[in-house]
Amino acid sequence: MQEELDLNRPLLASGDVSRTELIRLERQVAEITAEITNARTAFFREVQGELSEVQSELSSVMQQMRQRNNVLEQTILYAPLRGIVKNLEVTTIGSFVPAARLWRSSPSETIC
């Protein structure tokens, strides 16, 4: 449409195209440009809303991951010395063991 308008502008001076026709073409170009702008704005608004939702969900998942990682760090047990586990006293996952011996081990390092 813009190309047609550009072709008709020089023809106005020679009288081959009326001023009314040129104004009609300019109006159509303006309307189409406005429609494109409105569609683009609506698209960006929709995408921004979706992005906000995904960022919120990501934030929630990251918080859950930090909490679960904290729980995991608190459930890992470390032996005071390197050695070989001889007798594992507790084998139930997730059970609570009050101040009991969890395993017997044989140290593989010499204590100095």
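Predicted model only: the values in this text are computed from it and were never measured.

Caption draft 1: Examining the overall build of the protein more closely. If you tally the helices and strands in the protein, you get two helices and two strands. Each helix and strand of the protein, placed in order from N terminus to C terminus, yields the pattern α-α-β-β. Rg of the C-alpha trace for the protein: 38 Å, well past the compact-globule value of 13 Å for 112 residues, more than 25% over. For the protein, the C-alpha atoms occupy an extent of roughly 105 × 30 × 20 Å along the three principal directions. Every one of the 112 residues in the protein was classed for burial, and the buried ones make up 5%. For the protein, the share of sequence-separated contacts (at least 6 apart) that also reach a separation of at least 24 residues comes to 33%. Approximately 9,900 Å² of the protein is accessible, and the part contributed by carbon and sulfur atoms is 56%. Distance between charge centres in the protein, computed from 12 positive and 15 negative side chains, equals 16 Å.

Caption draft 2: Layout of a negative patch on the surface. Taken together, the side chains of E46, E50, E53 and E57 present a region of like negative charge at the surface. Note on placement: E53 falls in helix α2 (residues 19–75).

Caption draft 3: Structural detail: α2. Under the 1.5 Å per step criterion, the end-to-end length of α2 is 83 Å for 57 residues, consistent within 8% with the ideal 84 Å. For α2, the complete set of buried residues consists of L22, L25 and V29.

Caption draft 4: Representation of the environment of E73. In this fold, E73 is placed in helix α2. For the pair E73 and M1, spaced 72 residues apart in sequence, the C-alpha separation works out to 66 Å.

Caption draft 5: Seen up close, the confidence of the model for the protein. A residue-level look at the protein finds 91% of positions with pLDDT of 70 or above and a mean pLDDT of 83. The element-level mean pLDDT for the protein is lowest in helix α1 (residues 2–14), coming to 75, with α2 highest at 92.

Caption draft 6: Fine view of a nonpolar patch on the surface. On the surface, M1, I32 and I36 cluster together into a nonpolar patch covering about 250 Å² of accessible area. Looking at the secondary structure, you find I32 in helix α2. Its relative accessible area of 36% is what places I32 among the partly exposed residues.

Caption draft 7: How the structure looks around the environment of V85. For V85, the position within the fold is in strand β1 (residues 83–88). A C-alpha to C-alpha distance of 10 Å links V85 and L102, two positions 17 residues apart in sequence. Not counting the four nearest positions on each side in its chain, V85 is found in contact with W103, R104 and S105.

Cut-offs and rules
Residues numbered from 1 in each chain as written. Predicted model: local features only at pLDDT ≥ 70, side-chain atom pairs only at ≥ 80, totals over all residues. Heavy atoms only, no water. Helix = DSSP H or I, 4+ residues; strand = E, 2+ residues; numbered from the N terminus. Rg over C-alpha atoms; globule rule 2.2 N^0.38 Å. Buried < 20%, exposed > 50% of the residue type's maximum accessible area, 1.4 Å probe, protein only. Contact = heavy atoms within 4.5 Å. Areas by Shrake-Rupley, 256 points an atom, 1.4 Å probe, with all protein chains shown as cover. Lys, Arg positive; Asp, Glu negative; His and termini not counted. Charge placed at Lys NZ, Arg CZ, Asp CG, Glu CD. Patch = residues over 30% accessible without salt bridge, like charges linked within 9 Å, V, L, I, M, F, W, Y side chains within 5 Å. Salt bridge = Lys/Arg side-chain N within 4 Å of Asp/Glu carboxyl O. Expected span 1.5 Å × (residues − 1). pLDDT = per-residue confidence, 0-100.

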